[in-house]
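Architecture at a glance
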Amino acid sequence: MTWEAARHLDVDRILIVRMGGSQAFGGWHPERYEGLARWVITLPFDGHQLDKRHVVNWLDGLDVAYSAETFYDWRMVEWARELGVGTVCHVMPEFFKHHRQKDLPPPTAWWAPTPWRLDQLPNSTRLVPVPVALDRFPDAYEPYTGGELRVLHPAGKLAMADRNGTRLLLMTLRRAKRPMTVTVLSQDGQVPAYRQVTRHITLDVVKGDRPHYWDGYYGHHLCVIPRQYGGLCLPAQEAAAAGLPLMMTDCSPNDWYPAELLPATLTGAVGAPCGPLATYRPDPMKLAARLDAITADELGDLAWQSFAWAQAHSWEALHELWLAELALAAG
């Protein structure tokens, strides 16, 4: 997310926050940012504080500082204000906690990446979608013409309460009858216990982070993400950019994506910094039946919906919106 933002915006400085254990969880690629700004620094973060001297030095002279998900050390907002620097938090609503911790300083601007839980964020929050980088996915789409169906499932990190529904998908495969190869991408290498469930379904589990995230979207006919709860879903956006048909759980904000929505039942809640989040679950029997029944024409229609959505949410389409919103935050 921040890599593509730095690549498409004319940024002056980049601050890479190195979380404890970031290498174990994947995604630690500071070399990606080399050459994307005049000044790039990396600071360690122990889960509590960043080094004030280095951060203030980095902030001084900027018009606006943008952070994705959260400001890891909210003192940055205060330091920026003292220097006359605007701040933007492109907040993930599950990490929003200002309503519970009243002493946290607010940024100049709150942005939300999707409509999910927008009514739970400050009234001034702006809906600013995260664009997709279409140039990463040339000729990725492979139309289904019959035979074995190749299905992609981005598992993400199992630590997020199995947010992407990997366990449910593995349960589904025991009931499906169609010949399929199902590729599960696991960013942190943690995947629920699985076994080869049937002779006609091949399960390919790919563990670990990929230097080029777009490589994982090639060679498939369909992307299935039976998410348990909502929020920004970068794998869904990237799949759409690759022209992949999408199947997702019918819970907010998945109707914002170009997906076929799977009817789901409210199952409970999962804890998050913002408070409890409702969880949903599609019926594995019905998902298996849908995987068995979906046709080439239906997949083609979903693929065109993905293409159209990705065009409307590309960096080319949303670049001016980003610049305008950043200018507002800079004052």
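Residues numbered from 1 in each chain as written. Predicted model: local features only at pLDDT ≥ 70, side-chain atom pairs only at ≥ 80, totals over all residues. Heavy atoms only, no water.

1. Side note on the environment of Gly-35
Mapped onto the elements, Gly-35 comes out in the loop between helix H2 (22–25) and strand E2 (39–45). C-alpha separation for the pair Gly-35 and Arg-7, spaced 28 residues apart in sequence, amounts to 9.4 Å. (Helix = DSSP H or I, 4+ residues; strand = E, 2+ residues; numbered from the N terminus.)

2. So, the sheet that holds strand E5 (residues 109–112)
If you trace the four strands from one edge of the open sheet to the other, you get E3-E4-E5-E6, paired in parallel fashion. Each of the sheet's edge strands pairs with one partner strand only, and the pair in question is strand E3 (64–69) and strand E6 (126–127). Note that E3 and strand E4 (residues 86–91) share six bridges and pair parallel. Following the sheet pairing, Ala-68 is matched in E4 by His-90. (Pairing = 2+ DSSP bridges.)

3. What to know about the packing of aromatic side chains
Tallied over the full model, the rule gives 18 aromatic pairs. Between Trp-3 and Trp-214, the ring centres sit 5.9 Å apart and the planes meet at 35°, which makes this aromatic pair tilted. Linking Trp-3 in helix H1 (residues 2–8) with Trp-214 in the loop between strand E9 (201–207) and strand E10 (222–225), this pair joins segments that are 211 residues apart in sequence. Exposure remark for Trp-3: the relative accessible area of 12% places this residue in the buried category. (Phe/Tyr/Trp six-rings, centres within 6.5 Å; stacked < 30°, edge-to-face > 60°. Buried < 20%, exposed > 50% of the residue type's maximum accessible area, 1.4 Å probe, protein only.)

4. A closer look at unusual backbone geometry
The linkage connecting Ser-252 with the following residue, Pro-253, adopts the cis geometry, with an omega of 5°. For Pro-253, the location among the structural elements is in the loop between strand E11 (246–249) and strand E12 (259–262). One non-glycine residue, Glu-69, lies in positive phi territory at about 75°. Of note, Glu-69 is situated in strand E3. Judged by relative accessible area, Glu-69 falls into the partly exposed class, the value being 31%. Phi is positive for Asp-139, which is not a glycine, with a value near 55°. Relative to the helices and strands, Asp-139 resides in the loop between E6 and strand E7 (149–156).

5. Re the nonpolar core
Membership of the largest hydrophobic core comes to 44 residues, with the highest contact counts inside it found for Phe-137, Leu-246 and Trp-322. Take this core: its biggest share by element is five residues, from helix H9 (residues 315–330). Apart from residues no more than four positions distant in its own chain, Phe-137 is found in contact with Tyr-213, Trp-214, Tyr-217, Tyr-218, Glu-238, Ala-241 and Ala-242. Listed in part, the 25 residues of the second largest apolar core include Val-151, Ala-176, Val-184 and Leu-203. (Core = buried A, V, L, I, M, F, W, Y, C linked by side-chain atoms within 4.5 Å. Contact = heavy atoms within 4.5 Å.)

6. Focus on the environment of Met-76
Structurally, Met-76 can be placed in helix H4 (residues 75–82). Met-76 gets classed as buried once you look at its relative accessible area, which sits at 7%. A sequence separation of 27 residues divides Met-76 from Gln-49, and the C-alpha atoms of the two residues are 9.7 Å apart. Ignoring any residue separated from it by four or fewer positions in sequence, one finds Met-76 in contact with Leu-15, Leu-50, Val-55, Trp-58, Leu-59 and Phe-71.

7. Topic: the pairing of E4
Regular strands place side chains that alternate from one sheet face to the opposite one. Most of E4 is tucked away: six of the six residues are buried. The alternating pattern of E4 places Gly-86, Val-88 and His-90 and Thr-87, Cys-89 and Val-91 on opposite faces, both of which are buried. As a crossover connection, the stretch from E3 through H4 into E4 is right-handed. In this structure, E4 lies alongside E5, joined through three bridges in parallel fashion. Pairing of His-90 across the sheet is with Trp-111, part of E5. (Right-handed = clockwise from strand over helix to strand, strands pointing away.)

8. A word on the environment of Leu-299
The residue Leu-299 is located in helix H8 (residues 296–312) in this model. According to the relative accessible area criterion, Leu-299 is buried, its value standing at 2%. In this structure, the C-alpha to C-alpha distance between Leu-299 and Tyr-280, residues 19 residues apart in sequence, is 24 Å. If we skip the residues at most four places from it in the chain, Leu-299 touches Tyr-144, Leu-149, His-221, Leu-222, Pro-245 and Ile-294.

9. Focus on the side chain of Arg-178
Of note, Arg-178 is situated in the loop between helix H5 (166–173) and strand E8 (180–186). This buried residue, Arg-178, is left without a salt bridge; Asp-292 holds the nearest opposite charge, at 6.2 Å. A polar atom in the side chain of Arg-178 sits 3.2 Å from the side chain of Tyr-144. Dropping the residues within four chain positions of it, Arg-178 is found in contact with Tyr-144, Leu-149, His-200, Ile-201, Leu-291, Asp-292, Ala-293 and Ile-294. (Lys, Arg positive; Asp, Glu negative; His and termini not counted. Salt bridge = Lys/Arg side-chain N within 4 Å of Asp/Glu carboxyl O. Polar contact = N/O pair within 3.5 Å; in protein donor to acceptor, adjacent residues only side chain to side chain.)

10. Section: the pattern of salt bridges
Enumeration over the complete set of coordinates arrives at 12 salt bridges. Between Glu-4 and Arg-7 there is a salt bridge, and its shortest N-O distance comes to 2.9 Å. Residue Glu-4 and its partner Arg-7 are both found in helix H1; the two are separated by three residues, about one turn of the helix. Given a relative accessible area of 6%, Glu-4 falls into the buried group. Among the ionic pairs, Arg-290 bridges to Glu-298, the shortest N-O distance being 3.2 Å.

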